[in-house]
Amino acid sequence: MRKSFVFVIAAILVVLYSSIFIVYEGQRGIVLRFGKVVRDAENKPVVYQPGPHFKIPFIETVKTLDARIQTMDIKADRFLTSENKDLIVDSYLKWRIKDFSSYYLATGNGSISQAEVLLKRKFSDRLRSEIGRLDVRGIVTDSRGRLTTDVRNALNLGTSDEDSSADDAIASAAARVKKETKGAQPAFNPNSMAALGIEVVDVRIKQINLPDEVSGAIYQRMRAEREAVARRHRSQGLEEAEKVRAAADKSATEVKAAAYSEALILRGEGDAEATKLFADAFNKDPDFYAFIRSLRAYENSFRNEGNIMVLSPDTDFFRYMKDPSKQRTHSRAND
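Keep in mind it's a predicted model, so treat the numbers as computed, not measured.

Participant: Describe in detail the packing of aromatic side chains, supporting the description with residues and values.
Facilitator: What the rule picks out here adds up to two aromatic pairs. With a centroid separation of 6.2 Å and an interplanar angle of 35°, the aromatic rings of Trp-95 and Tyr-103 are classed as tilted. The residues Trp-95 and Tyr-103 share a single accessibility class, namely buried.

Right under this line is the structure:
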């Protein structure tokens with residue numbers, strides 16, 4: 001009896017443990033009954049909020065899905081603009097689960113990787129289409145915000161002007177959801193992410209670059225343009241330097257000529273004044289003047305060593321070297 005009671009208590013505890021499940025913060029739970037999503041009387045999937053809940057043990061299972069916003073980084077890829085120019089675009093998008101039941105059915109047991117595969121293919125096709133409508137200037141300026149908004153809306157609402165493998169895959173998943181729910185879902189465009197229970201929250205372009213080969217050619221052209229400008233500036237500088245140098249040389253020549261002219265004038269005036277002084281002195285005392293001139297002549301003649309002069313002693317040049325008495329006799333004889 002005691003063993004039976006213990007067994008019953010243990011069975012009750014196991015049943016209670018199997019009946020209780022907890023949904024943690026940032027998650028949502030859906031209950032599967034024999035592999036089908038449990039729905040309410042209005043055929044809407046029952047989504048369990050964070051907290052403890054109950055389920056039928058051994059019949060119902062719980063699948064928890066991440067309700068937080070997910071960030072998907074898109075690998076940089078090459079895109080073609082309306083000008084047939086290549087661009088390397090690096091981007092990312094943010095998404096979250098909006099309809100947990102549709103998401104679970106469309107992605108195969110709620111696989112995030114499967115959802116991102118579909119989302120990435122659709123995003124790449126749509127971004128390529130939007131970039132193909134714009135030129136480079138429009139992409140890198142004000143049209144950039146409108147581009148990302150158009151891509152986000154196209155992902156959420158779907159498109160009618162495309163027919164790609166990504167659209168076919170999304171439409172196939174949407175058809176599977178419709179079949180499982182027996183058409184009870186709201187009408188969505190079959191190639192939209194909303195048909196898969198996914199909402200794209202934001203689309204951003206991180207960086208836009210030119211391909212390496214194009215960048216190299218552009219840098220070479222920019223370098224050549226800058227070098228041409230530098231050469232033009234250098235030639236203009238040399239031209240201005242020659243002008244300044246020529247003006248300086250002209251000014252220096254004019255100053256030197258004026259100074260030389262003034263020097264000649266002053267020298268002439270000085271010579272004239274000296275001549276006048278000599279003439280006045282000669283007129284006042286001709287004998288003294290003749291004596292001074294002879295002394296200067298002696299100085300100039302006998303100053304340099306090694307000079308030889310052959311002159312007669314009786315020449316008038318040596319008259320001031322003779323006996324003064326003879327010099328006076330000679331002077332009277334001349335008189």
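Having seen it, we continue.
Participant: Tell me about the UniProt feature "transmembrane region" (unreviewed entry) in the protein, residues and numbers included.
Facilitator: Cross-referencing UniProt, the feature "transmembrane region" (unreviewed entry) maps to residues 6–24 in the present numbering. In this annotation, residues 6–24 is assigned 74% helix and 21% strand; the end-to-end C-alpha distance for the span is 33 Å.

Participant: Quick one: what's the story with the pairing of strand S7 (residues 70–80), residue by residue and with numbers?
Facilitator: Pairing geometry for S7 and strand S8 (residues 86–97), over nine bridges, is antiparallel. When the bridges of S8 are listed, Ile-74 appears paired with Ser-91. Hairpin remark: S7 followed by S8, antiparallel, with five residues in the connecting loop; positive phi at Asn-84, about 60°.

Participant: I'd like a description of the nonpolar core, backed by residues and values.
Facilitator: Judged by nonpolar contacts, the single largest core of 40 residues is most densely connected at Trp-95 and Leu-196. Examining the composition of this core, we find that six residues originate from one element, helix H3 (residues 112–132), more than from any other. Dropping the residues within four chain positions of it, Leu-196 is found in contact with Ser-102, Tyr-103, Ala-106, Leu-118, Ile-170, Ala-173 and Ala-174. Core analysis: the second largest hydrophobic core is formed by five residues, Phe-21, Val-31, Val-38 and Tyr-48 among them.

Participant: An account of the sheet that holds S7 is needed here, citing residue identities and associated values.
Facilitator: If you trace the three strands from one edge of the open sheet to the other, you get S7-S8-S9, paired in antiparallel fashion. Only two strands of the sheet have a single neighbouring strand rather than two, namely S7 and strand S9 (198–209). In this sheet, neighbouring strand axes are inclined to one another by 25° on average, regardless of whether the strands run parallel or antiparallel. Against the sheet, H3 touches S7, S8 and S9, its axis set at about 35° to S7.

Participant: Could you give an account of the pattern of salt bridges, naming the residues involved and the relevant values?
Facilitator: Tallied over the full model, the rule gives 14 salt bridges. Between Lys-206 and Asp-73 there is a salt bridge, and its shortest N-O distance comes to 2.8 Å. Of the two residues, Lys-206 is situated in strand S9 and Asp-73 in strand S7; the sequence distance between them amounts to 133 residues. Relative accessible area serves as the criterion here: at 41%, Lys-206 is assigned to the partly exposed category.

Participant: Tell me about a nonpolar patch on the surface, and please be specific about residues and values.
Facilitator: On the surface, Phe-5, Val-6, Phe-7, Val-8, Ile-9, Ile-12, Leu-13 and Leu-16 cluster together into a nonpolar patch covering about 790 Å² of accessible area. On the secondary structure map, Val-8 appears in helix H1 (residues 2–19).

Participant: An account of unusual backbone geometry is needed here, citing residue identities and associated values.
Facilitator: The phi dihedral of Asn-84 is positive, around 60°, even though this residue is not glycine. Counting through the fold element by element, Asn-84 comes out in the loop between S7 and S8. Take Asn-84: its relative accessible area is 61%, and that puts it in the exposed class.

How each quantity is defined
Residues numbered from 1 in each chain as written. Predicted model: local features only at pLDDT ≥ 70, side-chain atom pairs only at ≥ 80, totals over all residues. Heavy atoms only, no water. Phe/Tyr/Trp six-rings, centres within 6.5 Å; stacked < 30°, edge-to-face > 60°. Buried < 20%, exposed > 50% of the residue type's maximum accessible area, 1.4 Å probe, protein only. UniProt positions renumbered as here; feature names shortened; annotations may be inferred. Helix = DSSP H or I, 4+ residues; strand = E, 2+ residues; numbered from the N terminus. Pairing = 2+ DSSP bridges. Core = buried A, V, L, I, M, F, W, Y, C linked by side-chain atoms within 4.5 Å. Contact = heavy atoms within 4.5 Å. Axes fitted to C-alpha atoms, helices over the stretch in contact; angles between N-to-C directions. Salt bridge = Lys/Arg side-chain N within 4 Å of Asp/Glu carboxyl O. Patch = residues over 30% accessible without salt bridge, like charges linked within 9 Å, V, L, I, M, F, W, Y side chains within 5 Å. Areas by Shrake-Rupley, 256 points an atom, 1.4 Å probe, with all protein chains shown as cover.

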